[in-house]
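Letter by letter, the chains look like this.
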Amino acid sequence: VCTGTDMKLLRPSSPESHYETLRHLYQGCQVVQGNLELTYLPADADTAFLKVRSGKTPGGGEGRGSGRPLTLVPPSQDIKEVQGYVLIAENNVSGLE
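If you're wondering where the values come from, they're calculated on a predicted model, not measured in any experiment.

**Things to note about the confidence of the model for the chain**
Of the residues in the chain, 73% have a pLDDT of 70 or more, and the chain-wide mean is 80. For the stretch residues 54-66, pLDDT sits under 50, and the model shows 15 contacts to residues farther than four places along the chain or on other chains. Segment residues 70-74 is flagged for pLDDT under 50; beyond a separation of four residues in sequence, or across chains, it makes 10 contacts in the model.

**What to know about the state of the cysteines**
One pass over the structure, following the stated rule, counts 1 disulfide. Two residues, Cys2 and Cys29, share a disulfide whose sulfurs are 2.1 Å apart. Residues Cys2 and Cys29 are joined by a disulfide whose S-S torsion is about -80°; by sign, that bridge is left-handed. Taken as a pair, Cys2 in strand E1 (residues 2-3) and Cys29 in the loop between helix H1 (15-26) and strand E2 (31-33) lie far apart in primary sequence, 27 residues in all. With respect to class, Cys2 is no different from Cys29; both count as buried.

**Comments concerning the nonpolar core**
By size, the foremost hydrophobic cluster in this structure holds 14 residues, and its most contacted members are Leu22, Tyr26, Leu38, Leu41 and Phe49. Of all the secondary-structure elements, those providing two or more residues to this core are H1 and strand E3 (36-39). Residue contacts for Leu41: discarding those within four places in its chain leaves Tyr19, Leu22, Thr47, Glu90, Asn91, Asn92, Val93 and Leu96.

Calculation notes
- Residues numbered from 1 in each chain as written.
- Predicted model: local features only at pLDDT ≥ 70, side-chain atom pairs only at ≥ 80, totals over all residues.
- Heavy atoms only, no water.
- pLDDT = per-residue confidence, 0-100.
- Contact = heavy atoms within 4.5 Å.
- Disulfide = S-S within 2.5 Å.
- Helix = DSSP H or I, 4+ residues; strand = E, 2+ residues; numbered from the N terminus.
- Buried < 20%, exposed > 50% of the residue type's maximum accessible area, 1.4 Å probe, protein only.
- Core = buried A, V, L, I, M, F, W, Y, C linked by side-chain atoms within 4.5 Å.

Laid out in structure tokens, this is it:
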């Protein structure tokens, strides 16, 4: 469960911190308590934080032989429920993962 946002179409004062805030809020989230607002993302924004697939590890660890410990990831951590509205607007990204 994560907290949503309520900024509507207000321009963020810092695009970099806005992206980091969104990433921090929604990464690994399944239920958004409130609104899911994806706004003003730059063209080079990595939206992979919206979806974590089974078998991948957030740190890129491969387990045995990689020098990194294996991180177990639940089968699906996609956002499954939004208890408010979904707003996707004013973005420069070509798509969302």
